[in-house]
Amino acid sequence: MTVVCKCLVCTVLLASRAEAYVGPGAGFALAGSFWTALVLVVALLSVFLLPLRMTLKWWRRRRAQSRAKARRVVVVGLDGFDPKLARRFMAEGGLPHLTRLAEEGTFCDLQTTLPALTPSAWSTFATGVDASRHNIYDFITRHRGNYQPLLSSARLGPARRHVQIGPYRFPLGKPRIENLRKSQPFWKSLGQQGIFSSIIRVPITFPAEKFNGLLLAGMCVPDLRGTQGEFTLFTSDRERANISQGQVFVVEVAGNRVQAQLPGPSNPIRGGGGALAVDVKLLLDAAAGSAEMRAGAESVVLACGEYSPWIELKFDAGAGVKVRGICRFYLLSCAPFNLYVTPVQIDPEHPALPLSYPASFAVYLAKRFGKYGSLGLLEDTDSLNAEVLDEVAFLTQAYDLHEEREQMLFHELHRNKDGLVVCVFDGPDRIQHLFFRTLETDHPANRGRATEEFAGVIPDLYAKMDALVGRVVAELADDPEAVLWVVSDHGFCQFKRGVNLNSWLHQNGYLHLKEGTSLGGDWHADVDWSRTRAFALGLSGFYINRKGREGQGIVAEGEELAQLKAELVDKLSGLIDTETGEVAINKVWDTDTVFSGPYKDDAPDLLVGYNAGYRIAWSGANGGVTDWVFEDNTKSWSGDHCVDPRLVPGVLFCNRKIAAGKPALGDLPPTIMALFGADRPTYMKGQDLFAAPGPAIKSVR
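Parameters and conventions
- Residues numbered from 1 in each chain as written.
- Predicted model: local features only at pLDDT ≥ 70, side-chain atom pairs only at ≥ 80, totals over all residues.
- Heavy atoms only, no water.
- Helix = DSSP H or I, 4+ residues; strand = E, 2+ residues; numbered from the N terminus.
- Buried < 20%, exposed > 50% of the residue type's maximum accessible area, 1.4 Å probe, protein only.
- Areas by Shrake-Rupley, 256 points an atom, 1.4 Å probe, with all protein chains shown as cover.
- Axes fitted to C-alpha atoms, helices over the stretch in contact; angles between N-to-C directions.
- Parallel < 35°, antiparallel > 145°, perpendicular 65-115°, else oblique.
- Contact = heavy atoms within 4.5 Å.
- Nonpolar A, V, L, I, M, F, W, Y, C, P; charged D, E, K, R; others polar.
- Core = buried A, V, L, I, M, F, W, Y, C linked by side-chain atoms within 4.5 Å.
- Phe/Tyr/Trp six-rings, centres within 6.5 Å; stacked < 30°, edge-to-face > 60°.

Colleague: Help me understand the overall build of the protein chain in this model?
Modeller: Secondary structure summary: the protein chain contains 18 helices and 34 strands in total. Within the protein chain, buried positions represent 58% of all 701 residues. Within the structure as shown, the protein chain displays about 27,300 Å² of accessible surface, and the carbon and sulfur contribution to it stands at 53%.

Right, dumping it as structure tokens:
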């Protein structure tokens, strides 16, 4: 595909209906004779300096090798793997490979980050700094001008300039695609010193950045519609039309035939063109529980209760521009007709966005192993939460994706025998979120749901991860000097009760609604900003409506701001659930007192450390205001870690014994760099875990 065509495809992808999630983006242009001449000069200069660059690279590599304690380091990331459960299952004899690692090397808690959220924690793992230095505090933040949600990790937007040709509006140049994580990942520093890395699906690595190695991006890669993952349901059951998540389309069954259109991205190159779509046609066989389906140019036979392979879709935008995507179909039932479709994802064999570095790496993996899921949040938790998929279908999906990831990990272990390999597995986090209820029979989410049938899901999950570790250990058996780490970004606890912070703020006079309104819709739809002093959004904390910072801020900087924050910290720390008598919030942190980095002003003004069993309520995270503050959590999403970080440390296993007694997630980058004999950047605050104990990243108190 030509560069021009790729720019068109990117524009189609980015002009989605999800502006609230990805933001508008400014775009940039690559056009004009000046820039063409400059590119030629730079290219010639690069060729001329190639021998010097190769010599410097060789010298840095030799210098690092002369001080290295290891030539090969492998990190297996198990998102959400909990140390309490690991100890329990190890004691029961269920995790033999991890038990052996603990006996021969190290097993201990790994201090997580404040806040204890996946994007923030893995960003600390990548950079070796806290959130005030890498600027990732949550999945979303707010637009300072209009208070609407923005994706916190990446900014995507169309090209700045366009040309109109007939009914089409073509972009001149590339769209803007920016990773908002600040600081620099440690594998880039390693690469500058001659050490090659293979980085597979570490969160917050989109768009993929240039460095000396291979990288496949993880969490926050969007789907083809520009969202973070939106499933589709085609159904003949009109009662299912009001599902609040995903896109639901009621279809008619004519005899045994169904026709529908699967929506893709909007069409920005043709004004008023609406969303692009692919025709989907099915011939149902209710007796056999199957259907012959044609989606675009692809044909497949679907059996009830089975996933299709990845199906390639081509969305025709006109003027010769086609956007390629992939998805899987799952026939739920023939009568009534219910067909689930995974989020339509970027085709890794024809990527329109930078899924990998180099760009050919994503393509190579697809050619080598077949098409694979590219979405950042691959496991579709929304579909189970909305009761579209059942537990069996969700687990099948999760473990299918896990197998895709395993193939990539072992492929890189075979190829990269003299450098760093990191691969993060998301399945433990997603499965625990949705099945943690099965560990406690009195969990509110168990009402009306099967418990005994799925009582073994969490133990089985830990056993599967243990088996994975065993295969990695076996792969490294011929390299006894290799250093293996098995780590998680945080642990887990139950999520039984939700706390709507916006409702508490409203009831206590800090947040006001418009006149005549007693309840507030999502994304602060009904908030009166002229009288509101504080508001919550996202999972980690809440913001002060500060004058000069927010679009309609009213709280003055200085003494007024300090007094308000101190008042809120005092009132919310130790907050009691009025219905149960339990402590719902352990502690609230003023970010000015715990952070000192250059991006602390981008943080929520106050971070909330919930007690085990509690978390911000679903409506509160979306900016809604209800007539209650506390409620039972009855969704399948029954476990969580968005709590007091002291309650949810991660795990650290290593095949060597470490010297430090209380390791933190941010200690891993300087430790791994020291193993390779590489110079660590001065901004890293962590300690070398094999050196004599020293000061680590500031503890959460």
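Colleague: Just checking my understanding: could you explain the packing of helix H12 (residues 427-435) against helix H13 (residues 457-475) for this structure?
Modeller: Between two packed helices, both the angle of their axes relative to each other and the distance between the axes serve to describe the pair. In contact at an axis separation of 10 Å, H12 and H13 are set at 170° when each is read in the N-to-C sense. Taken together, H12 and H13 sit at an angle that is classed as roughly antiparallel. Contacts between H12 and H13 pair Pro428, Ile431, Gln432 and Phe435 from the former with Val457, Ile458, Leu461, Tyr462 and Met465 from the latter. Considered class by class, the residues forming the contact of H12 with H13 number eight nonpolar, one polar and no charged.

Colleague: Explain the nonpolar core to me, please; I cannot follow it from the model alone.
Modeller: A general trend in soluble globular proteins is that nonpolar side chains are found buried together. The biggest cluster of nonpolar side chains holds 137 residues, and the ones touching the most others in it are Leu420 and Trp485. Of all hydrophobic cores here, the second largest spans 43 residues; its members include Trp529, Leu564, Leu606 and Cys642.

Colleague: Which parts of the structure should I look at to understand the packing of aromatic side chains?
Modeller: One pass over the structure, following the stated rule, counts 22 aromatic pairs. Between Tyr147 and Phe535 the ring centres are 5.5 Å apart and the planes differ by 80°, which places this aromatic pair in the edge-to-face class. Placement of the pair is Tyr147 in the loop between strand S3 (140-142) and strand S4 (149-151) and Phe535 in strand S27 (residues 534-536), with a sequence separation of 388 residues. Neither residue differs from the other here; Tyr147 and Phe535 are each classed as buried. Ring geometry for Phe436 against Phe492: centres 5.4 Å apart, planes inclined by 40°, an arrangement best described as tilted. A residue pair is termed long-range when its members are at least 10 positions apart, and Phe436 in the loop between H12 and H13 and Phe492 in the loop between strand S25 (483-487) and strand S26 (493-499) qualify at 56 residues. Accessibility assignment for this pair places Phe436 and Phe492 in one class, buried. Aromatic rings pair up to connect Trp122, Phe125, Phe186 and Trp187 into one cluster.

Colleague: Can you walk me through the packing of helix H9 (residues 359-369) against helix H11 (residues 391-415) in this structure?
Modeller: H11 packs onto H9 with a crossing angle of 105° between their chain directions and a minimal axis gap of 12 Å. In terms of orientation, H9 and H11 fall into the roughly perpendicular class. Each of Phe361, Tyr364, Leu365, Arg368 and Phe369 in H9 lies in contact with H11, whose residues at this interface are Gln407, Met408, His411, Glu412 and Arg415. The residue inventory of the contact of H9 with H11, partitioned by class, reads five nonpolar, two polar and three charged.

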